[in-house]
Amino acid sequence: MPFKAEYIWVDGTQPTAKLRSKTKVVEDGAELPIWGFDGSSTNQAPGDKSDCVLKPVFTCPDPIRGGKNVLVMCEVLLIDGTPHPTNTRAACAAVAEKFADQEPIFGIEQEYTFFKDGRPLGFPIGGGFPAPQGGYYCGVGSDEVFGRAIVEAHMDLCLEAGLHLSGINAEVMPGQWEFQVGPVAAPQVADELWIARWLLYRIAEDYNVSATLDPKPVKGDWNGAGAHTNFSTNAMRKSYDAIITAAESLGGEGKVEEHVAGYGADIEHRLTGMHETAPWSKYSYGVSDRGASVRIPWQVEKDGRGYLEDRRPNANCDPYVVTRLIVNTCCSALAA
Ligand code: ADP
Ligand code: MN
Ligand code: MN
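On a predicted model such as this, the values are computed, not experimentally measured, just so you know.

Reading the values: the criteria
- Residues numbered from 1 in each chain as written.
- Chains lettered and ligands numbered in written order.
- Predicted model: local features only at pLDDT ≥ 70, side-chain atom pairs only at ≥ 80, totals over all residues.
- Heavy atoms only, no water.
- Donors = N, O, S within 2.8 Å, 3.2 Å for Na, K, Ca; no water.
- Near = heavy atom within 4 Å.
- Polar contact = N/O pair within 3.5 Å; in protein donor to acceptor, adjacent residues only side chain to side chain.
- Areas by Shrake-Rupley, 256 points an atom, 1.4 Å probe, with all protein chains shown as cover.
- 1 Å grid on protein atoms, 1.4 Å probe; cavity = no way out; pocket = protein on both sides within 12 Å on 5 of 7 lines; lining within 4 Å.
- Sits in = over half its atoms within 2 Å of the grid points.
- Helix = DSSP H or I, 4+ residues; strand = E, 2+ residues; numbered from the N terminus.
- Nonpolar A, V, L, I, M, F, W, Y, C, P; charged D, E, K, R; others polar.
- Salt bridge = Lys/Arg side-chain N within 4 Å of Asp/Glu carboxyl O.
- Buried < 20%, exposed > 50% of the residue type's maximum accessible area, 1.4 Å probe, protein only.
- Pairing = 2+ DSSP bridges.
- Axes fitted to C-alpha atoms, helices over the stretch in contact; angles between N-to-C directions.

So, the coordination of the manganese ion (ligand 3)
Line of reasoning, step 1. With distances of 2.0 to 2.5 Å, the protein atoms coordinating the manganese ion (ligand 3) are Glu109 (OE), Glu109 (OE), His228 (ND1) and Glu309 (OE).
Line of reasoning, step 2. Every donor residue of the manganese ion (ligand 3) comes from the same chain, spaced as E-x118-H-x80-E.

Examining the site of ligand 1
Line of reasoning, step 1. Around ligand 1, the structure places 15 residues, and the nearest of them are Glu109, Pro183, Ser232, Arg295 and Glu309.
Line of reasoning, step 2. The contact in question runs from an oxygen atom of ligand 1 to an N or O atom on the side chain of Glu178, over 3.1 Å.
Line of reasoning, step 3. Within the side chain of Gln180, a nitrogen or oxygen atom sits 3.3 Å from an oxygen atom of ligand 1.
Line of reasoning, step 4. When the free accessible area of ligand 1 is taken as 580 Å², the share hidden by the protein chains comes to 74%.
Line of reasoning, step 5. For ligand 1, the cavity whose grid points lie within 2 Å of the majority of its atoms is the largest pocket.
Line of reasoning, step 6. Contributions of two or more residues to the shell around ligand 1 are made by β6 (105–116), β9 (176–184) and β11 (229–232).
Line of reasoning, step 7. When residues in the shell around ligand 1 are grouped by element, the largest group, four residues, is from β9.
Line of reasoning, step 8. Residue classes in the shell around ligand 1 are distributed as four nonpolar, six polar and five charged.

Description of the pattern of salt bridges
Line of reasoning, step 1. Taken as a whole, this structure holds 14 salt bridges when the rule is applied.
Line of reasoning, step 2. For Lys55, the salt bridge goes to Glu75, with nearest N and O atoms at 3.8 Å. With a gap of 20 residues between them, Lys55 in strand β4 (residues 51–61) and Glu75 in strand β5 (residues 70–77) connect regions that are remote in the sequence.
Line of reasoning, step 3. Residues participating in the shared-partner salt-bridge network are Glu276, Arg295, Glu309 and Arg311.

Some remarks on the coordination of the manganese ion (ligand 2)
Line of reasoning, step 1. For the manganese ion (ligand 2), the full set of protein donor atoms is Glu109 (OE) and Glu178 (OE), at a range of 2.2 Å.
Line of reasoning, step 2. Separating the manganese ion (ligand 2) from the manganese ion (ligand 3) is a gap of 3.9 Å, bridged by Glu109, which donates to each. Taken together, the residues Glu109 in strand β6 and Glu178 in strand β9 connect sequence positions 69 residues apart.
Line of reasoning, step 3. A relative accessible area of 15% means that Glu109 is categorised as buried.
Line of reasoning, step 4. Glu178 sits in the buried class, given a relative accessible area of 4%.

Re the sheet that holds strand β3 (residues 35–38)
Line of reasoning, step 1. A sheet is described by the order of its strands in space; here five strands give the open sequence β2-β1-β5-β4-β3, paired in mixed fashion. Either end of the sheet is taken by a strand with one partner, and the two such strands are β2 (19–26) and β3. Pairwise comparison of adjacent strand axes, ignoring direction, gives a mean angle of 40° for this sheet.
Line of reasoning, step 2. Across eight bridges, strand β1 (residues 3–10) lies against β2 in antiparallel orientation. The partner of Ile8 across the bridge, within β2, is Ser21.

Now the structure itself:
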């Protein structure tokens, strides 16, 4: 019996890339081949030079189809074998390789919002708004929690796929949830996050619900959606000085602009200084501070070692870009 390989890749949609996938039937026992697609349909090529190349980079069991079937995260190459301009993984892998001796690892908290019939799940069917935020975060009960069946199904799928899922929770706005992937090194943590996103969209299909990574799905007094990125190196896991060095480096000359520009489209709509955020243009770090750009968890200060949390990345960020920026900035400073 042949098996089914779902080839998944990141497209060229601007300003926020989307996932695409298609299925290849592969002979039993055969290696996963390089494949191709029509780049003119994904904002990745003009019609007269439309061929783009899919190169498998991370494979896991397909928990939806089961059996010997697999999910295959791919990077996109040009036909000459070099990285496509939309391929952000290649640069991430190069930086991770350069600083591999520092053993950087990441845990990413992916927030997202379920939508049905044009409004967040849990918002009144006739229009208008639910009760203000307060009781929804980590809530329980059908008046507070919307979409749990999908969240549970998604969690099981991620675990069956062997992804490093470390937890889930209901978030501050109704219909808003979070899952965490990690701690794992880059670029694998980003490969896993993209696959976890694909599984989320895919399983939500079965419930006629869509999941969105929109960083500010409802205007006004409603929390945005982020992708807090927890980061450590071997030195940070041993010394508090190293954590301070890393936190300082993220506020260095030119670094604030460089990072914020790579942390997801419309970041200025979310990082307003309200709703547990720091203003995007002003860098700060602090212990336990959910109003800072970077938080050092209280336990880390107490233990004198551990990790830091960059709270700025948007839910719609590209984790290949976010992890590349953080490794490059922090590991350069730690190596100095
Ligand atoms: P929060 O308190 O911000 O909600 P979470 O518990 O949701 O935090 O997420 C914390 C994340 O930090 C998890 O994904 C976890 O895997 C990750 N993490 C824990 N220790 C480390 C570490 N030493 N380096 C990097 N990430 C870590
Ligand atoms: Mn969290
Ligand atoms: Mn967090």
